[in-house]
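# Close look at the chain arrangement
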Amino acid sequence: QVQLVESGGGLVQPGGSLRLSCAASGSIFSINAMGWYRRAPGKQRELVAAITSGGSTTYADSVKGRFTISRDNAKNTVYLQMNSLKPEDTAVYYCNAGYGLGILGPYWGQGTQVTVSS
């Protein structure tokens, strides 16, 4: 089993920044990709960004150039730096861990709320 603990959500004004963190523990040797998904009210869940243990990344078109995913393998932690936030980025953000870049994995964090509003 793999446990994922997220932190870093909150309320921010449009144009502001937030950084989300996701710390993994447990049987992490089996994991080679981690990512962030989000679900906004009334919308389907979508992949925001993902990264492999080797550093390959993928992003949703809506966040390219604004969000950056990174990982610290020594700390088993993945980060999502979110800049130039927009109201449409408002959602619950979930950390996900699995076996392939951009492929939904079996492990989920509890979710963290990000609200972009003035």
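Details of the structure are given in the entry above.
Summary of the structure given here. Everything numeric here is computed off the predicted structure, so don't read it as measured data. Every chain is numbered on its own, with residues counted from 1 as its sequence reads. A pLDDT threshold of at least 70 governs which residues receive local features in this predicted model, and a stricter bar of 80 or more applies before side-chain atom pairs are shown or counted, although totals over entire chains, interfaces and linings include all residues. Excluded from the side-chain calculation are hydrogens and water; included are all heavy atoms of the structure.

The next point concerns the sheet that holds strand 1 (residues 2–7). By this definition, two strands are paired if DSSP reports at least two bridges between them. Elements are defined by DSSP. Helices are runs of H or I of four residues or more, strands are runs of E of two residues or more, and each kind is numbered from the N terminus. Taken in spatial order, the 4 strands make up an open sheet running 1-3-8-7, and their pairing is antiparallel. Whereas interior strands pair on both sides, the edge strands pair on one side only; in this sheet they are strand 1 and strand 7 (67–72). Averaged over all pairs of adjacent strands, the angle between strand axes in this sheet comes to 15°, irrespective of strand direction. Alignment of strand 3 (residues 18–26) against strand 8 (residues 77–82), held across 6 bridges, turns out to be antiparallel. Note on strand 8: the bridge partner recorded for Ala23 is Thr77. Axis lines are fitted through C-alpha atoms, for helices just across the contact stretch, and the angle between N-to-C directions can take any value from 0 to 180 degrees.

A pairing counts as a salt bridge when a side-chain nitrogen of Lys or Arg comes within 4 Å of a carboxyl oxygen of Asp or Glu. In total, this model carries 4 salt bridges according to the counting rule given. Taking the shortest distance from any N to any O, the salt bridge between Glu46 and Arg38 comes out at 2.6 Å. A relative accessible area of 32% places Glu46 in the partly exposed class. Counted as one network, the salt bridges with shared partners bring together Arg38, Glu46, Arg66 and Asp89. Whether a residue is buried, partly exposed or exposed follows from its accessible area with a 1.4 Å probe, protein chains only, as a fraction of its type maximum: under 20%, in between, or over 50%, in that order.

For the rest of this paragraph, the subject is the side chain of Asp89. In this fold, Asp89 is placed in the loop between strand 8 and strand 9 (91–98). Among the polar contacts made by the side chain of Asp89, one reaches the main-chain amide nitrogen of Lys86 at a distance of 2.8 Å. Those residues in contact with Asp89 that sit more than four places away from it in its chain are Arg38, Arg66, Phe67, Ser84, Val114 and Val116. By the criterion applied in these results, polar contacts are pairs of N or O atoms within 3.5 Å in which, for protein atoms, one can donate a hydrogen and the other can accept it, and in which residues neighboring in sequence qualify only through two side-chain atoms. What makes two residues a contact is simply this: any of their non-hydrogen atoms within 4.5 Å.

With that settled, the discussion passes to the pairing of strand 1. Side chains Val2, Leu4 and Glu6 of strand 1 all project onto a buried face; the interleaved residues Gln3, Val5 and Ser7 project onto a face where none is buried. Of the pairings in the sheet, the one linking strand 1 to strand 3 comprises 6 bridges and is antiparallel in character. For Val2, the partnering residue across the bridge sits in strand 3 and is Gly26.

What follows concerns the nonpolar core. The nonpolar side chains of a soluble globular protein tend to be buried, and buried together. Only buried residues count toward a nonpolar core, which is a set of Ala, Val, Leu, Ile, Met, Phe, Trp, Tyr and Cys residues joined through side-chain atoms within 4.5 Å. Core analysis: the biggest nonpolar cluster contains 29 residues, and Leu4, Met34, Trp36, Leu80, Met82 and Tyr93 have the highest contact counts within it. Where this core is concerned, the elements lending two or more residues are strand 1, strand 3, strand 4 (33–39), strand 5 (46–52), strand 7, strand 8, strand 9 and strand 11 (112–116). In contact with Tyr93, other than residues within four places in its own chain, are Glu6, Leu20, Trp36, Tyr37, Arg38, Val48, Phe67, Leu80, Met82, Gly111, Thr112 and Val114.

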